[in-house]
Each structure stands twice: as structure tokens, then as C-alpha cells.
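Breakdown of the fold
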Amino acid sequence: FALKGENFDGHNFVEEAAEKGASAIIIEKDVTLKNPEATLIKVDNVLSALQNFASWHRDRWNGKMIGVTGSNGKTTTKEFIHTVLSQKHPTLSTRGSLNNHIGVPLTLLELREEHKYSVIEMGMNHAGEITDLVKLAKPNIVLVTNVGSGHIENFENIEGIARAKEEIYDNAPIGATRIYNLDNEYTAMMRARAPGDCKVMTYSSHARDVNVSLKEKIFTFDYIDVQGVIEGEPGQARVHVYGRQQVANCMAAATAALACGVDAPMIWKGLSKCKGSWGRGQLIELASGAKVLFDAYNSNPASASLALENFSKIKTHGKKYLVMGDMLELGSHGPRLHYELGMEMAKAGAEAVYLQGAMCAEVERGLKEGGFTKTIVKSKVYEEKLAVDFGAMLESYDMVLVKGSRGMKLEKLVVLWQPQNFEIKYN
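1. A look at a nonpolar patch on the surface
- A surface patch of nonpolar side chains, about 320 Å² in accessible area, is lined by Phe1, Phe53 and Trp56.
- Looking at the secondary structure, you find Phe1 in the segment before helix H1 (14–19).

Here it is as C-alpha cells:
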């Protein structure tokens, strides 16, 4: 499919695709092809053709599909659901974050007859995008993990984000099961607005009469023990992930598995097999004996606040350090939200702070006004010498939280600190 983007045009690679064995190539421009074994199919719009083809392919598949969106936790929830469901039947899920108008159809085209379940992650930056993805994937089960201020640059307020997320419920096929998180005020309001004739399942750590209720029992850097009740079945599981927010992700996954017909004992077993993914609360050992909590796959005000809260409550024998990169896609709200982040960082008990990004001055202002008087290292762009010098401070038993949006590529710092168990990803 010769897709066009801001920085590329797939039509420039048609000949190369044919040479590498493509049997059919979808185009919208006139191109010449030397390889006679490849068939050219010209359409009005390549992207529409890709989406229509994926929709047709999805309609021929008879398994159960779960659609997941949310401001935070959707990728981890997707991975947890996949882990639990895979115990019972082959399950397809979105690879990485292929969760947009191109990624979703690509995922749908991977569906095969042996897949009994599919978990599709749906991301969005603007209103209407979730509607398009839902109409494409036609999920049997739909779920919003939560609503926060991520991607707020394209909305007037958080209520606008909530309305955009709610599209997954409003456009779900007739008969779809709607799963609601009652612990988030916006998703709880969505539940209150749900039509009386739709099938609903709920989860909460606090509300009564829900399908799944879990709470944190033990919380460490290496794992979290959750306990509670899944459809009347009490139990507990040790989940090898970091952060109290993982309780909500576990509840979402357990409820989705129930909706797919998996019984509670198997769900409890499956939760214990769940683990974190790259850049999401990933624990990294350094040669110095220090540890890095690498949580820089994504960042927004809600997830950054949670990361700081978790980090401040963890006990360590050494000192604590903070590395904070910019939170992107906040638009005109950016300066204020970064200043507020600095105010929160001041309370985290850090020995020193490293700031990187265009908003580092706003974060610094918040830090100082919040009473932080220790070392602040800052740079608007990545500077290797500063990163090396900051890493030289780290000693055995020290802990470093690295948090920032993916576009900040904060893994560059971690690589300089001699990580012992870190796979480098620069894309």
C-alpha cells in the first residue's frame, strides 16, 4: 500500500517493494514497474483502500474483539488482556502502539482463523478519530481505561477529551459489551449515561456491585501484589510491574477476560503472568549498582503525577534522583502544566533533578517555588556531557526515575549510564 505522509511517499518505493517480493501493490498515482510479476492496483485513495480492505477482512473473522482506549494505561491494559486470554486461545493484539488510522487496519489484516480473540488499541489526538476506528474494527467489547489531560492541545478542556473517548461506547456495534471504570470520574459519568438496554460490566477498587474489585496489597519496585474479587471469586496475584496504577490495569484486563467467557480462576492465574513492557515502569540495573525506573514511553500530567507519587513512597537505601523530559502535545496549556509538575517534583525527596526539553525553565520555576533547593541540571536539548555528569552522581542503592514523552528519547541518557539489562530502541 503506497501510503503518503508528511515526510514520505510510498510511491517512491514501489520498485523496491516489487523486488522484495510484493505480489500486489496498491497505488493512487501512475507509476512504472520493471518487474512484471507484481500486479499494480490503482485506487482513488490508498489509505481508504487499506481501511476498506481491513474492514472486509475483519467482517470475515468470527472471534471476539476488544477495543481499548483511554488517556493512560491503554497499552499496558491491552498487553494484560492479551496475556490472560492467550492462556485459553490464540489471541491477536496491537503490536507496540499501532493504534491509529493506519495501525488499526494493519493489525486487523493480521487476523487469522486460529485467533479466537483480538485486542485492538485505539489512540486519538482529535475528536472523531475513535469513531472512525470503532467503525473499522467493530469491537464486541469496548473499554475506556480512564480520562486525563493527555493530548489536550487539541481540546478546550478535559471534558472535550472525555467526549472524544466516549465515542468508543457511542459507536460500538449493537449488542457490544461496555466495560466501565467506576474509579475515574469521567468514565463513571459515561456509565451513568449508558442506555438501559446495553450490556454493561464494571470494575472498581471502591464501589460495590461491580464485576471486578482489586486493591493493592504489597507494592515494590519489582512487583505489586493485588488481591480482591473477580466475579465472586476471591484471590490474589503477584504482578511483575511497577506502580499503583497497575491495579486499575489489572481490573480492566480481568473484566475484559470475563466478558470473553474466561473464568475467574484462569484470570487470577493469568494476572500473575502479566509483566511490564519497554519504557513503561521498566526497572534497569546500572553498573554502578544504582537502579533506573525507566517510564519514558509516554508522559502527560496524570501519568507524570502518578509516577512521582509512586516514586516518593518507595523506600530505598540510597538517594533518589529525578530525570524529567517534556510532556508533549499540551499546546497552550504546556507552560502551566509543566510549572505544576515542577511543584509536584519538589515534594518527591530527590537529591538532584535533570530537566530536558523546551519547558525545562517552567519546570525549574515550579521546583524552586515548591521549595526545592538542591541540584538542578537543565537543558532544552539533549547534551551528552550533562547526561554523563549526572550519571556520575549515581551510586549503589540509588534510584532514578526517568519520565518523559516518547519524543524526548530519554533512553539516550540511560545508555550512557552503563545499563546491564536494557534493550535500546530509538524509534
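2. Regarding the packing of aromatic side chains
- Across all of its chains, the model carries 11 aromatic pairs by this definition.
- Residues Phe390 and Trp417 carry aromatic rings whose centres are separated by 6.2 Å and whose planes lie at 35° to one another, so their mutual orientation is tilted. Taken together, the residues Phe390 in helix H14 (residues 384–392) and Trp417 in the segment after helix H15 (411–416) connect sequence positions 27 residues apart. Both residues of the pair, Phe390 and Trp417, belong to the buried class.
- Joined through ring pairs, the aromatic side chains of Trp278, Phe294, Tyr297 and Phe422 make up one cluster.
- The side chain of Arg238 reaches across the aromatic face of Tyr223, ending 3.8 Å from its centre.
- Over the ring of Tyr297 we find Arg280, and its NZ or CZ is 3.8 Å from the ring centre.

3. Side note on the sheet that holds strand S16 (residues 375–379)
- In space, the 6 strands of this open sheet follow the order S12-S13-S17-S14-S15-S16, with mixed pairing throughout. Across the chains shown, the open sheet's two edge strands, defined by having one partner strand only, are strand S12 (282–285) and S16. If you compare each strand with its neighbour and ignore which way they point, the axes differ by 15° on average.
- Both strand S14 (residues 320–325) and strand S15 (residues 352–356) contribute to a ladder of 5 bridges, which runs parallel. Bridging across to S15, Gly325 finds its partner in Gln356.
- Seen against the sheet, helix H11 (residues 301–313) touches strand S13 (291–295), S14 and strand S17 (399–403) and runs at an angle of roughly 175° to S17.
- In the packing of H14 onto the sheet, contacts are made with S14, S15 and S16, and the angle to S15 comes to roughly 160°.

4. Some words on H14
- What H14 keeps buried is the set Ala387, Phe390 and Gly391. Looking down the long axis of H14, one finds its buried residues gathered within 100° of arc, a one-sided arrangement. Exposed side chains of H14 directed beyond 90 degrees from the buried face belong to Lys385 and Ala392.
- At its buried positions, H14 is contacted by S14, S15, S16 and H15.

5. Section: the pairing of strand S5 (residues 117–121)
- Within S5, 5 of the 5 residues are buried, leaving the element largely enclosed by the surrounding structure.
- Covered by surrounding structure in S5 are Tyr117, Val119 and Glu121 together with Ser118 and Ile120, the residues of both alternating faces.
- Sheet topology note: the strand S3 (residues 64–69)/S5 ladder contains 5 bridges and is parallel. Of the residues in S5, the one forming a bridge with Ile66 is Val119.
- Sheet topology places strand S4 (residues 91–93) next to S5; 3 bridges connect them, and they run parallel. What sits directly across from Leu92, in S5, is Ser118.

6. Looking at the environment of Leu109
- For Leu109, the position within the fold is in the loop between helix H4 (103–108) and S5.
- Exposure remark for Leu109: the relative accessible area of 18% places this residue in the buried category.
- The residues contacting Leu109, other than those within four sequence positions of it, are Leu50, Phe53, Ala54 and His57.

7. Some remarks on the nonpolar core
- Counting 102 residues, the largest nonpolar core has Leu214, Ile230, Leu271 and Met345 as its most contacted members.
- Looking at this core, the element that brings in the most residues is helix H9 (residues 246–259), giving 10 residues.
- Excluding residues within four positions of it along the chain, Met345 makes contact with Leu308, Leu322, Met324, Val353, Leu355, Val363 and Leu367.
- Counting residues in hydrophobic clusters, the runner-up holds 23 residues, among them Val292, Val323, Ala352 and Leu413.

8. Considering the state of the cysteines
- Counted under the stated rule, the structure contains 0 disulfides.
- Unpaired in terms of disulfides, Cys250 finds its nearest cysteine sulfur in Cys274, a separation of 6.1 Å.
- Residue Cys250 is classed as buried on the basis of its relative accessible area of 0%.
- Counting only cysteine sulfurs, Cys274 is the nearest neighbor of Cys260, a cysteine outside any disulfide, at a range of 14 Å.

9. Quick look at the pattern of salt bridges
- The final tally for this structure, using the stated rule, is 22 salt bridges.
- The residue Glu285 makes a salt bridge to Lys291 at a minimum N-O spacing of 3.8 Å.
- Its relative accessible area of 32% is what places Glu285 among the partly exposed residues.
- Judged by its relative accessible area of 26%, Lys291 is partly exposed.

10. A look at the environment of Met327
- Tracing the backbone through its elements, the reader meets Met327 in the loop between S14 and helix H12 (334–345).
- If near-sequence neighbours (up to four positions away) are discounted, Met327 is found in contact with Ser299, Asn300, Pro301, Ala304, Leu337, His338, Leu341 and Ser405.

The rules behind these values
Residues numbered from 1 in each chain as written. Predicted model: local features only at pLDDT ≥ 70, side-chain atom pairs only at ≥ 80, totals over all residues. Heavy atoms only, no water. Patch = residues over 30% accessible without salt bridge, like charges linked within 9 Å, V, L, I, M, F, W, Y side chains within 5 Å. Areas by Shrake-Rupley, 256 points an atom, 1.4 Å probe, with all protein chains shown as cover. Salt bridge = Lys/Arg side-chain N within 4 Å of Asp/Glu carboxyl O. Helix = DSSP H or I, 4+ residues; strand = E, 2+ residues; numbered from the N terminus. Phe/Tyr/Trp six-rings, centres within 6.5 Å; stacked < 30°, edge-to-face > 60°. Buried < 20%, exposed > 50% of the residue type's maximum accessible area, 1.4 Å probe, protein only. Lys NZ or Arg CZ within 6 Å of the ring centre and 35° of its normal. Pairing = 2+ DSSP bridges. Axes fitted to C-alpha atoms, helices over the stretch in contact; angles between N-to-C directions. Contact = heavy atoms within 4.5 Å. Arc of directions from axis to C-beta. Core = buried A, V, L, I, M, F, W, Y, C linked by side-chain atoms within 4.5 Å. Disulfide = S-S within 2.5 Å.

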